[in-house]
Protein chains: 2
Amino acid sequence: MTALLSPDALEAALRQIGAERYHNLHPFHRALHDGRLTRVQVQAWALNRYYYQARIPAKDAFLVARLEDPALRRLWRTRIVDHDGDIQPEGAEQNGGIARWLKLTDGLGLDRDYVVSTRGILPGTRHAVDAYVNFVRHRPILEAIASSLTEMFSPNIISERVSGMLRHYDFITPETLAYFTPRLTQAPKDVEFALDYVKQHARTPEQQEAVLDALRFKCGVLWAQLDALAYAYLSPGHVPPGAWRP
Amino acid sequence: MTALLSPDALEAALRQIGAERYHNLHPFHRALHDGRLTRVQVQAWALNRYYYQARIPAKDAFLVARLEDPALRRLWRTRIVDHDGDIQPEGAEQNGGIARWLKLTDGLGLDRDYVVSTRGILPGTRHAVDAYVNFVRHRPILEAIASSLTEMFSPNIISERVSGMLRHYDFITPETLAYFTPRLTQAPKDVEFALDYVKQHARTPEQQEAVLDALRFKCGVLWAQLDALAYAYLSPGHVPPGAWRP
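Residues numbered from 1 in each chain as written. Chains lettered and ligands numbered in written order. Predicted model: local features only at pLDDT ≥ 70, side-chain atom pairs only at ≥ 80, totals over all residues. Heavy atoms only, no water.

- Looking at an unreviewed UniProt entry, chain A carries the name Pyrroloquinoline-quinone synthase, with the source organism given as Teichococcus deserti.
- Quoted straight from UniProt, the Pathway (unreviewed entry) entry for chain A says "Cofactor biosynthesis; pyrroloquinoline quinone biosynthesis." (UniProt positions renumbered as here; feature names shortened; annotations may be inferred.)

Okay, here's the thing in structure tokens:
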């Protein structure tokens, strides 16, 4: 790319990347939503995806640490709150995305301590998630913010996921899928800010290309996690040494 | 683990990890060596593995940068020389592991500029290799050194690889496999130092467990690269968006 795009053309280019690379196109994702997975395969997905959920607040805290403007920090901090939850009175149930993800793994019959230990996750899951955290920690802030923009595409996938999983799996209940409901409103709020920021601050062709590359990178982070799951747990299944075996 | 191991028992525990987790046990590796891959699949392997080769000197330079003893730095520096080669007189052929790997990709008919750009590698390759570089950059030096110990197991795999590939693939010649010959002597030299260092410096059960975990982590780095290749390029083949397609 050599020409400078208008902000709206940049947004269109970002959406085009999603149309080609977002993980709703992945065979594992399709199998998950279409009800073609066994309970064990859904367990493997929830176990591995926990590591992603667990590292998201670290990713966001690295960005907050790097932002110099208190107003920006306040805005981005809401993401940490969304995932880590609030300080609760003693005995009250913990809220936040991580706690809600553990309701899913609980509901699937996985041992909570084992899930939280992340001992059984695939190497490919760990490498992909860590790559994302390191990207946000070390790359220019514009790119770090742009890498969050996969959330532009997540409300669709979440609706599809919730309805597909409830319809197809008798071991899934609305309560175990509690993670996803607040994401339907949180993600658009987050996207609105991040997309505006990127459209406003990517002012050269090089910056725009870097922004597009950041979104491509992030799509790869999500895609690679499903690659690893599919190779390990879809039939015939090649579970790496040390990873969770049902 | 709670008991302190003797240095020799620690070495035995390290070798046991290799026996269970080294990537010679991976289905992709077995298929490569047994002649069951197509030329395109061998190309995919060489293209992706180039990124690993290319980042090894960066990994080693991070370690050299962190070592405080000039004698240790001199020893570890030889690894950078092995991979990056020497400064050559004008017109002379570049030596070193990276240059020899490019002979392999040349011999397989891959465009050299495309290989070096690493544009076509799998996300899983990039995440795994970057995870290794970051591990050596940030973890305690003892663990960083321990993570190199997969080379304890590499002379076997290399002999097997060279003889198997020459026997089975008519598009492979001794010249294209030139990368591997020096590794048969370089790897044991490197291992001797690193293994002695680890046996001498892991003086508590916690340090010994960290050393074993470092080797498990590194086995995962190698294994995950083959997982990604297998899922993308073995039949039926699920090539991620943006990755090399033959």
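Quick word on the overall build of chain A
Here comes step 1: Each helix and strand counted, chain A has eleven helices and zero strands in total.
Here comes step 2: In chain A, the succession of helices and strands from N to C terminus is α-α-α-α-α-α-α-α-α-α-α.
Here comes step 3: Computed over its C-alpha atoms, the radius of gyration of chain A comes to 18 Å, within 12% of the 18 Å expected for a compact globule of 246 residues.
Here comes step 4: Taking the principal axes of its C-alpha atoms as reference, chain A extends roughly 50 × 45 × 35 Å.
Here comes step 5: A total of 246 residues make up chain A; the buried ones form 55% of that total.
Here comes step 6: Of the contacts made within chain A by residues no fewer than 6 positions apart, 77% connect residues no fewer than 24 positions apart.
Here comes step 7: Accessible surface, chain A: about 10500 Å² in total, of which carbon and sulfur atoms supply 52%.
Here comes step 8: Averaging the positions of the 29 positive and the 28 negative side-chain charges in chain A gives two centres separated by 2 Å. (Helix = DSSP H or I, 4+ residues; strand = E, 2+ residues; numbered from the N terminus. Rg over C-alpha atoms; globule rule 2.2 N^0.38 Å. Buried < 20%, exposed > 50% of the residue type's maximum accessible area, 1.4 Å probe, protein only. Contact = heavy atoms within 4.5 Å. Areas by Shrake-Rupley, 256 points an atom, 1.4 Å probe, with all protein chains shown as cover. Lys, Arg positive; Asp, Glu negative; His and termini not counted. Charge placed at Lys NZ, Arg CZ, Asp CG, Glu CD.)

Thoughts on the pattern of salt bridges
Residue and element names in this part refer to chain B.
Here comes step 1: Applying the stated rule across the entire model yields 32 salt bridges over all chains.
Here comes step 2: Notably, a salt bridge pairs K199 with E11, separated by 2.5 Å at the nearest N-O pair. In this pair, K199 is assigned in helix α10 (residues 180–201) and E11 in helix α1 (residues 7–21), connecting sequence segments 188 residues apart. Comparing K199 with E11, the two get one shared label, buried.
Here comes step 3: In this structure, the salt-bridge partner of R112 is D106, at a minimum N-O distance of 2.6 Å.
Here comes step 4: In this structure R112 comes out as partly exposed when scored by relative accessible area, which is 37%. (Salt bridge = Lys/Arg side-chain N within 4 Å of Asp/Glu carboxyl O.)

Details of the packing of aromatic side chains
Here comes step 1: Counted according to the given criterion, the structure contains 22 aromatic pairs over all chains.
Here comes step 2: Between the aromatic rings of W76 of chain A and F193 of chain A, the centroid separation amounts to 6.1 Å while the plane-to-plane angle is 70 degrees, which identifies the pairing as edge-to-face. Taken together, the residues span a long stretch of sequence, with W76 of chain A in helix α4 (residues 70–84) and F193 of chain A in helix α10 (residues 180–201) at a distance of 117 residues.
Here comes step 3: For W76 of chain A, a relative accessible area of 1% corresponds to the buried category.
Here comes step 4: Looking at F193 of chain A, the relative accessible area reads 21%, which means it is partly exposed.
Here comes step 5: When the ring of F193 of chain B is compared with that of Y197 of chain B, the centres are 6.1 Å apart and the planes differ by 45 degrees; the resulting orientation is tilted. You can see F193 of chain B and its partner Y197 of chain B sitting in helix α10, four residues apart, about one turn around the helix.
Here comes step 6: Grouped by ring-pair contacts, the aromatic residues W45, W101, Y179 and F180 of chain A constitute a single cluster. (Phe/Tyr/Trp six-rings, centres within 6.5 Å; stacked < 30°, edge-to-face > 60°.)

Description of the interface of chain B and chain A
Here comes step 1: Taken residue by residue, the interface counts 23 residues in chain B and 23 residues in chain A.
Here comes step 2: Taken together, both faces of the contact between chain B and chain A bury some 1800 Å²; the carbon and sulfur share is 70%.
Here comes step 3: Ranking the residues of chain B by area buried against chain A places H127, Y231 and P241 of chain B at the top, with a combined share of 36%.
Here comes step 4: The tally of links from chain B across to chain A stands at zero salt bridges.
Here comes step 5: Those elements giving two or more residues to the side of chain B that touches chain A turn out to be α1, α7 (123–138) and α11 (205–233) of chain B.
Here comes step 6: Ranked by residues supplied to the side of chain B that touches chain A, first place goes to α11 of chain B with eight residues.
Here comes step 7: By residue class, the composition of the side of chain B that touches chain A is twelve nonpolar, eight polar and three charged. (Buried area = accessible area lost by both parts, 1.4 Å probe. Nonpolar A, V, L, I, M, F, W, Y, C, P; charged D, E, K, R; others polar.)

A short note on the relation of the copies chain B and chain A
Here comes step 1: Between chain B and chain A, the superposition needs a rotation of 180 degrees and an axial shift of 0.0 Å, giving an RMSD of 0.0 Å. In symmetry terms, the pair is related by a two-fold rotation axis.
Here comes step 2: Take the interface residues of chain B: 100% of them recur as interface residues in chain A, which is what a same-surface contact looks like. (Least-squares fit on C-alpha atoms with pLDDT ≥ 70 in both.)

Brief notes about the environment of H83 of chain B
Here comes step 1: By the secondary structure assignment, H83 of chain B is in helix α4 (residues 70–84).
Here comes step 2: Sequence-distant contacts of H83 of chain B, defined by excluding residues within four places in its chain, comprise Q53, I56, P57, G96, G97, I98, Y179 and R183 of chain B.

Quick look at the packing of helix α3 (residues 39–66) of chain B against α7 of chain B
Residue and element names in this part refer to chain B.
Here comes step 1: Two numbers describe how α3 lies on α7: the axes approach to 8 Å, and their chain directions differ by 10 degrees. In this view, α3 runs roughly parallel relative to α7, as classed from their interaxial angle. Taking contact as the criterion, the partners of N48, Y51, Y52, R55, I56, K59, F62, L63 and R66 in α3 are, on α7, T125, R126, V129, D130, Y132, V133, V136, R137 and H138. (Axes fitted to C-alpha atoms, helices over the stretch in contact; angles between N-to-C directions. Parallel < 35°, antiparallel > 145°, perpendicular 65-115°, else oblique.)

Quick look at the environment of T176 of chain B
Residues and elements named next belong to chain B.
Here comes step 1: Structurally, T176 is set in the loop between α9 (154–168) and α10.
Here comes step 2: Relative accessible area serves as the criterion here: at 8%, T176 is assigned to the buried category.
Here comes step 3: For the pair T176 and K103, spaced 73 residues apart in the sequence, the C-alpha separation amounts to 5.4 Å.
Here comes step 4: Reaching out from T176, the side chain makes a polar contact with the backbone oxygen of T173 at a distance of 2.7 Å. (Polar contact = N/O pair within 3.5 Å; in protein donor to acceptor, adjacent residues only side chain to side chain.)

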